[in-house]
Amino acid sequence: MIIPYDNCCDGRNAGSYGNTRNCLACGDVEGKFDILFNRVRAIQKKSGNFDLLLCVGNFFGSTPDAEWEEYKTGIKKAPIQTYVLGANNQETVKYFQDADGCELAENITYLGRKGIFTGSSGLQIVYLSGTESLNEPVPGYNFSPKDVSSLRTMLCTTSQFKGVDILLTSPWPKYVGNFGNSSGEVDTKKCGSALVSSLAMGLKPRYHFAALEKTYYERLPYRNHVVLQENAQHATRFIALANVGNPEKKKCYLALAKGGLSDDHVLILPIGHYQSVVELSAEVVEEVEKYKTTLRRFFKSRGKRCVVFERNYKSHHLQLQVIPVPVSCCATDDIKDAFITQAQEQQIELLEIPEHSDIKQIAQPGAAYFYVELDTGEKLFHRIKKNFPLQFGREVLASEAILNIPGKSDWRQCQISKEDEETLARRFQKDFEPYDFTLDD
């Protein structure tokens, strides 16, 4: 699926493909060459021809070589000039005979262990094959601190160096999720490569593509300069690509809210960087709606109704808050009245909108707003023009009229230990498992 680069925009769908001006990028192919190249043909038919395809992760898999032989012998041909990274394991080293790079088949080229490649359009691409090893000498499927140091020395020693266009690695940079949007089920403190982190820090790529974790993750762009201390520079966009032919193609995931109003207060979090519901693609909206429907069924089975709200104001990433309210506490009309009453008290114009209306018809991308949806499908909307109380949604639900826990209106007053968070997460996961449609695959 297409990922935007600079001013090219053809959707932000989580998946296995990205475009960069004149090129495409994909994650682990794992021997699924026909699937890959048929997809490329479809993209080019729709969007026009691209100059090249960049493949990160495992290009070859553990599958029989019959499919590859058809490309190697010329029976089949890649529809685009394709550049691939090298082996990440001993099993696939045999395919990469020359450490400096070589042609593997017509239109398919192995870039090499490490180096710099400049495309016909002048795009500067730095590549590093393999996974991290701290021991010397390294086998053919690893890179070492010396490899990373030599790449940095090649590029970063001149005063004119401002960064590269693209960095290609197979592993993620370790800690890439720090201070950014959530990376879903991938723990970036445990996975990835510290050497790749060091390389990215030095090379300052505009885009960094990686794979291996079999999931899509687009991190919020991060700065390459210290604010107020260094001259402003371009930002880096790290994009982890899912494997080709990925059967899951998950667009969202659930997480317990930090400092939740209850032990089962959850967030629906889209994978990838989205500012608001208004910016979601049709595919992501479909999965969000599926989560909302499933959560309503789950909470109903436990004697609760749920309220969903979003605040697109002073936030960096879309978070849909889903808060269960015991049926014994109040009726849906009471929740609706509480929101309207407190809004009036704070001079907030909270409007009721038609149940089946699309919020995209009401708010434009980039517009600030607050939105709440009740279990009946009723919706309330406020267009934020100046200031807005950040805890408004929590304040209403925590009030005496609803959950009667006014002391929990601010999430910072509700934080618990890491161990307790993990215990609650395991409990919710176990309780929700019979309803979890993502396990059906």
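Up top is the structure.
These lines cover the structure that appears in this document, whether it is placed above or below. (Residues numbered from 1 in each chain as written. Predicted model: local features only at pLDDT ≥ 70, side-chain atom pairs only at ≥ 80, totals over all residues. Heavy atoms only, no water.)

**Concerning unusual backbone geometry**
Logical step 1: Residue Pro-137 is bonded to the preceding Glu-136 through a cis peptide linkage, with omega at -10°.
Logical step 2: Backbone geometry places Gln-347, a non-glycine residue, at a positive phi of 55°.
Logical step 3: Residues other than glycine seldom take positive phi values, yet Asn-404 does so here, at roughly 55°.
Logical step 4: Summarising the element assignment, Asn-404 is placed in the loop between α7 (392-398) and α8 (418-432). (Helix = DSSP H or I, 4+ residues; strand = E, 2+ residues; numbered from the N terminus.)

**Here's the deal with helix α1 (residues 33-47)**
Logical step 1: Between the first and last C-alpha of α1 there are 21 Å, a value that for 15 residues agrees with the 21 Å anticipated at 1.5 Å per step.
Logical step 2: Residues Phe-33, Leu-36, Phe-37, Val-40, Ile-43 and Gln-44 constitute the buried set of α1. The buried residues of α1 occupy an angular sector of 115° when projected down its axis, which confines them to one face. Exposed residues on α1 whose side chains face more than 90 degrees from its buried face are Lys-45 and Lys-46.
Logical step 3: Where α1 ends, the next residue or the one after it, Gly-48, has phi of about 95°, a positive value. (Expected span 1.5 Å × (residues − 1). Buried < 20%, exposed > 50% of the residue type's maximum accessible area, 1.4 Å probe, protein only. Arc of directions from axis to C-beta.)

**Considering the nonpolar core**
Logical step 1: In terms of nonpolar packing, the biggest core is built from 28 residues, with Ile-268, Leu-295, Val-322 and Tyr-369 touching the most fellow members.
Logical step 2: Residue assignment for this core shows that the elements contributing at least two residues are β15 (252-256), β16 (266-270), α5 (282-301), β17 (304-312), β18 (320-326), β20 (369-373) and α8.
Logical step 3: Considering each element in turn, this core owes the most residues, 6 residues, to α5.
Logical step 4: Residues within four places of Ile-268 in sequence aside, it is in contact with Cys-252, Tyr-253, Leu-254, Val-288, Tyr-291, Lys-292, Leu-295, Leu-318, Gln-319, Leu-320 and Val-322. (Core = buried A, V, L, I, M, F, W, Y, C linked by side-chain atoms within 4.5 Å. Contact = heavy atoms within 4.5 Å.)

**Quick notes on the sheet that holds β17**
Logical step 1: Taking strand neighbours across the sheet as the criterion, the 7 strands line up as β15-β16-β18-β17-β20-β21-β19 in an open arrangement whose pairing is antiparallel. Only two strands of the sheet have a single neighbouring strand rather than two, namely β15 and β19 (351-353). In this sheet, adjacent strand axes meet at a mean angle of 25° when their direction is disregarded.
Logical step 2: Relative to β20, β17 runs antiparallel, the two being bridged by 5 bridges. Bridging from a neighbouring strand, Phe-309 pairs with Val-372 of β20.
Logical step 3: In this fold α5 packs onto β15, β16, β17, β18 and β20, with an angle of close to 40° to the strand it touches most, β15.
Logical step 4: Against the sheet, α8 engages β15 and β16, with an angle of about 130° to β15. (Pairing = 2+ DSSP bridges. Axes fitted to C-alpha atoms, helices over the stretch in contact; angles between N-to-C directions.)

**Things to note about the pattern of salt bridges**
Logical step 1: Taken as a whole, this structure holds 18 salt bridges when the rule is applied.
Logical step 2: Of the charged contacts in the structure, one is a salt bridge between Lys-76 and Asp-34, with a shortest N-O distance of 2.9 Å. Here Lys-76, found in the loop between α2 (66-72) and β4 (81-84), pairs with Asp-34, found in helix α1; they are 42 residues apart in sequence, far enough to count as distant.
Logical step 3: A salt bridge links Asp-147 to Arg-113, with the shortest nitrogen-to-oxygen separation between them at 4.0 Å. A residue pair is termed long-range when its members are at least 10 positions apart, and Asp-147 in helix α3 (residues 145-156) and Arg-113 in the loop between β6 (108-110) and β7 (114-118) qualify at 34 residues.
Logical step 4: Among the charged side chains, a salt-bridge network with shared partners connects Glu-289, Lys-292, Arg-296 and Glu-373. (Salt bridge = Lys/Arg side-chain N within 4 Å of Asp/Glu carboxyl O.)

**Some words on the sheet that holds strand β11 (residues 166-169)**
Logical step 1: Spatial strand order, β7-β8-β11-β12-β14-β13: 6 strands in an open sheet with mixed pairing. The outermost strands of the open sheet, each flanked by one partner alone, are β7 and β13 (217-218).
Logical step 2: Bridging between β7 and strand β8 (residues 124-128) involves 5 bridges; their strand directions are antiparallel. Opposite Lys-114, over in β8, you have Leu-128 as the bridge partner.
Logical step 3: Relative to β8, α3 is tilted by about 165°, and along the sheet it contacts β7 and β8.
Logical step 4: Sitting on the sheet, helix α4 (residues 194-203) is in contact with β8, β11 and β12 (207-210), with an inclination near 170° to β11.

**Describing the packing of aromatic side chains**
Logical step 1: All told, the structure shown has 30 aromatic pairs when counted by the stated rule.
Logical step 2: On the numbers, 5.7 Å between centres and 65° between planes, the contact of Trp-172 with Phe-238 is edge-to-face. Remark: Phe-238 occurs in strand β14 (residues 237-240) and Trp-172 occurs in the loop between β11 and α4; sequence separation between them is 66 residues.
Logical step 3: A relative accessible area of 1% means that Trp-172 is categorised as buried. (Phe/Tyr/Trp six-rings, centres within 6.5 Å; stacked < 30°, edge-to-face > 60°.)

Taken by themselves, the reported measurements are silent on function.
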